[in-house]
Amino acid sequence: MWGIYDYLIWALSVGLVGYVLFRIMAGRAFTRYLALSTYLLATLSFTVTAALIYLLYGFRSLEYRYFYFFGDAVLSLLLYLVLAGLFERIFSELGFSRYVRWVALLVLAGTVGVSYSIVNSAGDRILGKFVVELQQNLYFLGVVLCTLLWFSMRKLNNMPMRLMQITLGLGMFLGAH
């Protein structure tokens, strides 16, 4: 059962994500940052739904475990798309935007392949182990991509401060996982 601090942290996280979404929509930047906005909406829905499933079924239930791990895997994939969108935005000035999509798809396919090959010998419950391994690999890949993105923006010099802040924030978030 949740205590007062659990409810407080949950309310704070929902409120913070809601506030960021409100600021994006109030600034009419939803379509400009479509991938980030979609990720934030998915995070908000995931957080609220996970709390409801937790309260209905409990922490140790299969419903909560499956929802948590598969939902977090979907959020990891969406976060990867956010990073790919940032790469595309930065490299569009150099004329490489069409290559960024293909490279992003190849890197994602490689990450899925590596994750599958790691858990292939696991035997039973391969899907659950694959999801966890994919999440870990995507988080690590995200840290590496944020670092590359940051160095690319520093090299190009005239990048908007907001993109730099988003990149640094995503890097810190991914590094915490």
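No experiment lies behind these values; they were computed from the predicted model shown. (Residues numbered from 1 in each chain as written. Predicted model: local features only at pLDDT ≥ 70, side-chain atom pairs only at ≥ 80, totals over all residues. Heavy atoms only, no water.)

Caption draft 1: Spotlight on helix H1 (residues 4–26). Between its first and last C-alpha atoms H1 spans 32 Å; for 23 residues at 1.5 Å apiece the expected length is 33 Å, and the two agree. Along H1, the positions that sit buried rather than exposed are Val 14, Val 17, Leu 21 and Ile 24. Close packing links the buried residues of H1 with helix H2 (34–57). Positive phi appears at Arg 28, one or two residues downstream of H1, with a value of about 55°. (Helix = DSSP H or I, 4+ residues; strand = E, 2+ residues; numbered from the N terminus. Expected span 1.5 Å × (residues − 1). Buried < 20%, exposed > 50% of the residue type's maximum accessible area, 1.4 Å probe, protein only. Contact = heavy atoms within 4.5 Å.)

Caption draft 2: Spotlight on the confidence of the model for the chain. On average, residues of the chain score 87 in pLDDT, and 98% of them are at 70 or above. Within the chain, the lowest mean pLDDT, 85, falls on helix H6 (residues 161–176), and the highest, 92, falls on H2. (pLDDT = per-residue confidence, 0-100.)

Caption draft 3: Just the packing of aromatic side chains, in detail. All chains considered together, the criterion is met by 10 aromatic pairs. Measuring from ring centre to ring centre gives 5.8 Å for Tyr 54 and Tyr 64, while their planes differ by 65°; the resulting arrangement is edge-to-face. Of the two residues, Tyr 54 is situated in helix H2 and Tyr 64 in helix H3 (residues 62–91); the sequence distance between them amounts to 10 residues. In this structure Tyr 64 comes out as buried when scored by relative accessible area, which is 14%. The rings of Phe 46, Tyr 54, Phe 59, Tyr 64, Phe 67, Tyr 68 and Phe 69 are connected pair by pair, giving a single aromatic cluster. (Phe/Tyr/Trp six-rings, centres within 6.5 Å; stacked < 30°, edge-to-face > 60°.)

Caption draft 4: Up close: the nonpolar core. In this structure, Leu 40, Tyr 80, Val 82, Leu 86 and Leu 170 are the most contacted members of the largest nonpolar core, which totals 38 residues. Of all the secondary structure elements, the ones that give two or more residues to this core are H1, H2, H3, helix H4 (97–119), helix H5 (126–156) and H6. Considering each element in turn, this core owes the most residues, 10 residues, to H3. Core analysis: the second largest hydrophobic core is formed by 6 residues, Trp 2, Ala 50, Ala 51 and Ile 53 among them. (Core = buried A, V, L, I, M, F, W, Y, C linked by side-chain atoms within 4.5 Å.)

Caption draft 5: Looking closely at unusual backbone geometry. For Arg 28, which is not glycine, the phi dihedral falls at a positive 55°. Within the element layout of this structure, Arg 28 appears in the loop between H1 and H2. Taking the relative accessible area as the measure of exposure, Arg 28 reaches 74% and is therefore exposed.

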